[in-house]
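# Structural features, examined
Residue-level listing of the chains:
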Amino acid sequence: MKVSVRVPASTANLGPGFDCLAMALPIYNTITIEETVLPGSGVDINVISEDDAIDQMSIEHLSLNENSLIYKAVELLYNSIGQNPSELKITIHTNIPIASGLGSSASVVVGGLIAANELLGRPADEAALLSIAAEVEGHPDNITAAIVGGLVISSLEDDCTVVYRKLEWPNEWNITVCIPDYELATDISRSVLPKDIPICDAVFNAKRMAMFVQAIHTKDANLMKLALQDRLHQPYRIKLVPGLERIVEALKHEENVLGCVLSGAGPSILIISQKNNLDRIHSIVRDTWSGLNVKSIIKTLGVESLGAQVISNED
Ligand code: HSE
């Protein structure tokens, strides 16, 4: 049996929603799991890049063995029904840039889990898949967007369940993803975060999250400009992302820009804007990065409303 699953990229945090807000984006990885016939052949994991911008070195950084997140996720699923994974060939066709803050690792975990769940006759429901994926990733934001699609607010509860709700993104607000040609591993980007934060910063973000939800519901651009600010992670990570500070500063003066935030753990940047000043936004970002010898890919995309999809299931 051979199952392929297509999983979207995602952008997490969206400013104030550290570890709880994320939005699925129309860039996809495809994960295929095939049962092999050779007994004792173990689990073989291969990655094939479908995008020239993803170089071989990035792929080699992925651990393709039993320490990989996809293996851990598949193993947890098998263990949940008293089995161990073996004789499996996993192939990851990757279009989502690796270590770029676009949920590449979450997409691989989710794709592996859903494909393995199909192979096993679907023992896990959506809630069980969310719990396993959040346990493996450590936070629920990217994996929830990758599984259910759209803009989602999610929480990994103490009993390991993931509670989520979808929010409706206003179509008139543009989403521009700016991907520099350097990588930033999530564990490094998380290592610079403090263990404790001042209460004033916690209050600042609590207010921004409430504003974010209300701004989305009422399509209130002025409120969204305030809402897209953060004091929990971005100030600590800014030094890991050359160019971010300059880009934020340059875009402050653009009246149609509602905000410029780090995408997930970075280094990609997400710009929310309205109306048609996209060429100008693209050139500000491209020129700022090229002044630092950083090449970039800049795309204005819609929200992917669907989550992971099984695209083939062959006996
Ligand atoms: N919320 C996560 C972070 C997303 O900011 O570290 C990255 O996986």
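What you see is a predicted model, and the numbers here were worked out from it, not measured in a lab. (Residues numbered from 1 in each chain as written. Predicted model: local features only at pLDDT ≥ 70, side-chain atom pairs only at ≥ 80, totals over all residues. Heavy atoms only, no water.)

### Looking at the overall build of the chain
The number of helices and strands found in the chain is eleven helices and eleven strands. Principal-axis analysis of the C-alpha atoms gives the chain an extent of 65 × 40 × 35 Å. The long-range share in the chain, meaning contacts at least 24 apart out of those at least 6 apart in sequence, stands at 75%. A total of about 14,100 Å² of accessible surface is found on the chain, and carbon and sulfur atoms cover 50% of it. In the chain, 23 positive and 39 negative side-chain charges are present, and the distance between their average locations comes to 9 Å. (Helix = DSSP H or I, 4+ residues; strand = E, 2+ residues; numbered from the N terminus. Contact = heavy atoms within 4.5 Å. Areas by Shrake-Rupley, 256 points an atom, 1.4 Å probe, with all protein chains shown as cover. Lys, Arg positive; Asp, Glu negative; His and termini not counted. Charge placed at Lys NZ, Arg CZ, Asp CG, Glu CD.)

### Notes on the packing of helix 2 (residues 69-80) against helix 4 (residues 126-137)
How two helices sit against one another is set out by the angle between their axes and by the gap between those axes. Where helix 2 meets helix 4, the closest approach of the two axes is 10 Å, and the angle between their N-to-C directions is 140 degrees. Classified by the angle their axes make, helix 2 and helix 4 are oblique. Between helix 2 and helix 4 lies a crossing of right-handed hand. Facing helix 2, whose interface residues are Leu69, Lys72, Ala73, Leu76 and Leu77, helix 4 presents Ile132, Glu135, Val136 and Glu137. Grouping the amino acids of the contact of helix 2 with helix 4 by side-chain chemistry returns six nonpolar, no polar and three charged. (Axes fitted to C-alpha atoms, helices over the stretch in contact; angles between N-to-C directions. Parallel < 35°, antiparallel > 145°, perpendicular 65-115°, else oblique. Left-handed = near helix turned anticlockwise from the far one by under 90°. Nonpolar A, V, L, I, M, F, W, Y, C, P; charged D, E, K, R; others polar.)

### Topic: helix 4
Turn by turn, an α-helix covers 3.6 residues, leaving residues three or four places apart pointing in a common direction. Taking 1.5 Å of rise per residue, twelve residues should cover 16 Å, and helix 4 covers 16 Å from first to last C-alpha, within 8% of that figure. By the burial criterion, the buried members of helix 4 are Leu129, Leu130, Ser131, Ile132, Ala133, Ala134, Val136 and Glu137. Check the buried side of helix 4 and you find it contacts helix 2, helix 3 (104-119), helix 5 (141-148), strand 5 (151-156) and strand 6 (162-167). Directly after helix 4, the chain includes Gly138, whose backbone phi takes a positive value near 95 degrees. (Expected span 1.5 Å × (residues − 1). Buried < 20%, exposed > 50% of the residue type's maximum accessible area, 1.4 Å probe, protein only.)

### A few points about the pattern of salt bridges
One pass over the full model with this rule turns up five salt bridges. In this structure, Arg122 and Glu118 form a salt bridge, with 2.8 Å as the shortest nitrogen-oxygen distance. Its relative accessible area of 12% is what places Glu118 among the buried residues. In this structure, the salt-bridge partner of Glu254 is Arg280, at a minimum N-O distance of 2.9 Å. Here Glu254, found in the loop between helix 10 (244-252) and strand 8 (257-262), pairs with Arg280, found in helix 11 (residues 278-290); they are 26 residues apart in sequence, far enough to count as distant. A residue is classified by how much of its surface remains accessible, and Glu254, at 11% relative accessible area, is buried. (Salt bridge = Lys/Arg side-chain N within 4 Å of Asp/Glu carboxyl O.)

### Describing the site of the ligand
Around the ligand sit Ala12, Asn13, Phe18, Asp19, His139, Asp141, Asn142, Thr186, Arg190, Arg237, Gly264 and Ala265, and those are all the residues in its vicinity. Here an oxygen atom of the ligand and a side-chain polar atom of Asn13 are 2.8 Å apart. Counting only elements with at least two residues in the shell around the ligand, the list comes to strand 1 (2-13), strand 2 (17-35), helix 5 and helix 6 (186-191). Per-class residue counts for the shell around the ligand are three nonpolar, five polar and four charged. (Near = heavy atom within 4 Å. Polar contact = N/O pair within 3.5 Å; in protein donor to acceptor, adjacent residues only side chain to side chain.)

### A word on the environment of Lys275
On the secondary structure map, Lys275 appears in the loop between strand 9 (269-274) and helix 11. Apart from residues no more than four positions distant in its own chain, Lys275 is found in contact with Glu172, Asn174 and Asn256.

### Notes on the domain arrangement of the chain
Taken domain by domain, the chain holds domain 1 (2-167 + 303-314) and domain 2 (173-301). Between the C-alpha centres of domain 1 and domain 2 the distance comes to 25 Å. Counting residues at the interface gives 29 residues for domain 1, matched by 32 residues for domain 2. Note on domain 1 versus domain 2: buried area summed over both sides is about 2,300 Å², and carbon and sulfur give 68% of it. Our count for the contact surface shared by domain 1 and domain 2 stands at one salt bridge. Its salt-bridge partner being Arg190, residue Asp19 comes within 2.8 Å of it at the nearest N-O pair. At the surface where domain 1 touches domain 2, the tally comes to ten residue pairs in polar contact (both at pLDDT 80 or more). Those elements that place two or more of their residues in the side of domain 1 that touches domain 2 are strand 1, strand 2, helix 1 (56-61) and strand 5. Take the side of domain 1 that touches domain 2: its biggest share by element is nine residues, from strand 2. Residues of the side of domain 1 that touches domain 2, tallied by class, amount to 19 nonpolar, nine polar and one charged. (Domains from an automatic or database assignment. Buried area = accessible area lost by both parts, 1.4 Å probe.)

### Quick look at the sheet that holds strand 10 (residues 296-301)
Pairing within the open sheet is antiparallel, and its four strands lie in the order 8-9-7-10. Across the chains shown, the open sheet's two edge strands, defined by having one partner strand only, are strand 8 and strand 10. Mean inter-strand twist for the sheet, computed between neighbouring axes without regard to direction, equals 15 degrees. Pairing of strand 7 (residues 173-180) with strand 9 involves six bridges; the strand directions are antiparallel. Among the inter-strand pairings, Trp173 is bridged to a residue of strand 9, identified as Gln274. (Pairing = 2+ DSSP bridges.)

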